Every structure is written in structure tokens, then in C-alpha cells.
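A structural walkthrough
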Amino acid sequence: MSTHPLKPAKKRFSVPHTYAILFIIIILAALASYVLPAGEFDRVKDAASGKTIVVNGSYHSVESDPVSFFDMFKAIPEGMQKGAQIIFYIFIVSGVFGIIRQTGAIEAGINKGVRHLEGREKLLIPASMFLFSIGGFTMGMAEESIIFVPIGIALARAMGFDAVTGTAMITMGAAAGFMGGMINPFTVGVAQSLAQLPLFSGLTFRAVVYVFVLAFAIWYVMRYAYRVKADPTKSVLYGVENHASQEQATVDIPDLNARHKLVFLVMVCGLAFNVYGVFKFEWFLTELTASFLIMGLVAGLVGGLSVNTLFDSFVAGARAVTFGALIVGFARAITVVLEDGKIIDTMINSLTSAIGHLPDAVNVLAMFVIQAFLNLFISSGSGQAATTMPIMVPIADLLGIQRQIAVLAFQYGDAVTNSIIPTSSALMGYLAVAGIPYEKWVKFIWKLLAGWAIIASIALIVAVTIGVS
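Let us look at the structure shown here. (Residues numbered from 1 in each chain as written. Predicted model: local features only at pLDDT ≥ 70, side-chain atom pairs only at ≥ 80, totals over all residues. Heavy atoms only, no water.)

1. Concerning the overall build of the protein chain
Each helix and strand counted, the protein chain has 20 helices and four strands in total. In terms of overall dimensions, the protein chain is globule-like: its C-alpha atoms have a radius of gyration of 24 Å, near the 23 Å expected for 469 residues. For the C-alpha atoms alone, the extent of the protein chain along its principal axes is close to 75 × 70 × 45 Å. Taken across its 469 residues, the protein chain has 52% of its residues classed as buried. Taking as baseline every contact in the protein chain between residues at least 6 positions apart, the subset at least 24 positions apart corresponds to 80%. Total accessible area on the protein chain is roughly 21,000 Å²; 65% of this is exposed by carbon and sulfur atoms. Of the side-chain charges in the protein chain, 30 are positive and 28 negative, and the distance between the mean point of each set is 9 Å. (Helix = DSSP H or I, 4+ residues; strand = E, 2+ residues; numbered from the N terminus. Rg over C-alpha atoms; globule rule 2.2 N^0.38 Å. Buried < 20%, exposed > 50% of the residue type's maximum accessible area, 1.4 Å probe, protein only. Contact = heavy atoms within 4.5 Å. Areas by Shrake-Rupley, 256 points an atom, 1.4 Å probe, with all protein chains shown as cover. Lys, Arg positive; Asp, Glu negative; His and termini not counted. Charge placed at Lys NZ, Arg CZ, Asp CG, Glu CD.)

2. With respect to the packing of aromatic side chains
Considering all chains together, one arrives at 20 aromatic pairs under this definition. Three or more aromatic residues joined by ring pairs make a cluster, and in this case those are Phe216, Trp219, Tyr220, Tyr224, Tyr430, Trp441 and Phe444. (Phe/Tyr/Trp six-rings, centres within 6.5 Å; stacked < 30°, edge-to-face > 60°.)

3. Concerning the pattern of salt bridges
Two side chains with opposite charge may pair up if their charged atoms get near one another. Throughout the structure, instances matching the rule amount to four salt bridges. Put simply, Lys342 and Asp65 hold a salt bridge, and the shortest N to O gap is 3.8 Å. One end of the pair, Lys342, is in the loop between helix 14 (322–340) and helix 15 (344–355); the other, Asp65, is in the loop between strand 4 (60–61) and helix 2 (69–82), with 277 residues separating them in the sequence. You can call Asp65 partly exposed: its relative accessible area is 39%. Its salt-bridge partner being Asp397, residue Arg403 comes within 2.6 Å of it at the nearest N-O pair. Residue Arg403 is classed as buried on the basis of its relative accessible area of 4%. (Salt bridge = Lys/Arg side-chain N within 4 Å of Asp/Glu carboxyl O.)

Have a look at this one:
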């Protein structure tokens, strides 16, 4: 009998909770106010655009004002207050989509479209990915795609493909649309509001990039699918695929009916009216939120929901984004601490002095890389925007880079890594439903994401060259 003591099992490293990370940053920001010299830039408000612009070369020292222990905690409710418009925008718009989901129209419509492709092998992958990409660039579809993964797998297998193909043609379609983000209210909308840009400006440029992103994804998934069909040993799941798990995961989805079609009509008209209002009447978050609310109430009523069910689903939709909405307030608290300690401009001045001699394209690519890295720790797009844009925007101003390009760097950095970071709840959710081990998914997906990163980098360089605004 062995007398050697049992070695304790090594604990696996886990990424700290996002709120914990933000709170640590708040503490570090408060401590930094005791160390870094205080300073400020002069700022002027541009009469034509309404933007508050940092005056280049105006940085000057001011009297130090370190943040006290109590003021550090006070910064959190102050951050909530400063981010209130965005926070309630996220809550209300998510509540509206909660109403629409409760009608069953989205599930029924997508299910009808995907089922219609059954037996149409050449169309299955591109049409499915395009269909789900619409959800990505209009409502930031992510977790919502999970219930369709079993259907995608069943259709893919029926045509000789594998579970990875079935999963990718659903989720990577949504991810491509999310990366395009033309009218995504939760990432592009929030970032542009923080950058004091007209909502959904730069839509044409984003649409062009979206076409390349989606086309590459379709080509990549189809290439993999037909390689697997020709030789099943080429599947990343060869020898480990579990056919039973996905069959058991299938959920009941209602058939598309007349009420569902009316809901879709309301959605299309509502989204079109939102875009019209933004460009014609210069709507901002308040008007956009009101328009979304009207759309949701009308959709719920024509969808056959009772008044109680309508508002229950509204609350449920808002509750589902509590994590992502309140994180905006925590993120804004970092800015509050840096501003109260009078060191945010010191940091901006130091960064611009260090990189000011570099070409604009290099600086923008650096922004992109930083945003992609931060997504590992702050997986909420709205939270990441609230954390980074207050620093990225003045840096862009001082470097002579259009603010729209700083938003693009955030948007692409956030989106390109969502399908590989283990902190993404959507990713881990659909892998669990599909029965795909995380390491097998990484083996499949990394080249696709590398391709997207190259497309994003080229897009950012082009944006700098032509001055997208």
C-alpha cells in the first residue's frame, strides 16, 4: 500500500467576474490619482456638430485632487447617473425584443426559412447564414441563436455534413451580422452615442465590410462542410461526435401563422422608421427608445399577447440584460474617478505623446487589438464601449483620426473574438447544446476568425485613408 500523500488537485485558472475586474480598475484609478500628476486639456464645443473637442496642445498642469476612499464608492452611483440614458435605452430596447420573442414570431419565421432549405444542399449554408446575419446586425443576435442550433445540426447531418457545420451555419451567420453591426443598437448605437456621433452614421461603409465578412464566413463554412462530406475523417469531431445529444436538445418551435407575419411587418416598418428618424430628424437615444417602445407594444398586440403577458415579457426581456446594462454604470464609474482625480487627461496626453509619431493606420490597428484583448475580460459590448470610448475618443481627436474610425475599431475588436473567448455565454451555450468540445471548436474556428481580423484590419486602414466620418 502506498504511503505517499495524495497531491491536492490543481485549481484551474478562471477569469474573474467582469464586475470584479471593473471594480479593481476603479480602485487602481483612485490609487493612481495619488501618484500621477494632475492635468487637463482645454475643450471647446463645435457649434456645427455639437461635439465637445479636445484642443490639441492645450494640456496643462492643475492642482492635484486625489480621490478619497468614500468618493471612490460614490463614483459608482455617479457613473450610473451619467450612463442613465444608455442604461435605460438598453433596458427598454431589450424589453421590446422580449415582447417580440414572446410572440414566437422570430423563432417561427427563422424556423420556416431554415426548414424551407431542407434538401436544397447548395443553398442551405449561404441562405441560413444570411438569414441569421440579419438578426446579428439589427438586434445583436447572440444567445437567441442557441435554440436553432439543433435544427441546423439535424439539417446538416441529413445532407452528409457534421455538427460543426450545422452549428456554424447558424451561429457564425449571426456573428457575421453582429460584426457588420449596421443598426445594432447595443454596440454601435451605444458607442456612437458616447462618441457624440449621429446614430448609425457610417452605415454604408459598415454594410460594405459586412458583405466581405459574411461572404468569407460562407465560403469558409461551405469549404469545411464539403471536405467533411467527401471525407468524414476531415471533421474536427471525427471519433467524438455524439449524435444523441443534439436530438434530445431539440425544442418545440411554433409554426409560422398570420399573427407572426403581422409581427414581422411591424418589425420591418419599425426598424425602417428608426433609420428614417435618425437620418431625417437626427434622432438620438431618447427618440430611438420611444420608437422602439411603440414598435414593441404594437408587435405584442398584433401578435396576440394579452396586456399582462405583454408587460411580463417586456420585464423579462429587460431582466435578461441586467448584467450588460448595469455594467455601463460600473464602466462609467472608472471615467468618473479619472475625471475627479484630474488624471484622465494626463493619461491621454501621455498616450498620444508616445504614439503621436506613428502613422494613423498603425494607431487605429492598435486600438483594434486592444479592444479585441479587452473583450476577453469585458464580454459585454455595451460595457466595453462605456469603458474604452471615453479614452479612445479624445485620443482619436488629438491624433486627427475621425471618431467614427475609433468606433469601428471598438466594433470590430469586440465582434471578432466573440466566437472564441471562453467568457462568452453565447458561445459556451451553443457549444453545450451542440455537444461540441471547446477545444474542437477552436480548431475549427480560429482560421475563420483570423480571416475576419484581416478583413477588419484592411477595413480600418481603408477607413483611415478615405476618412470615414
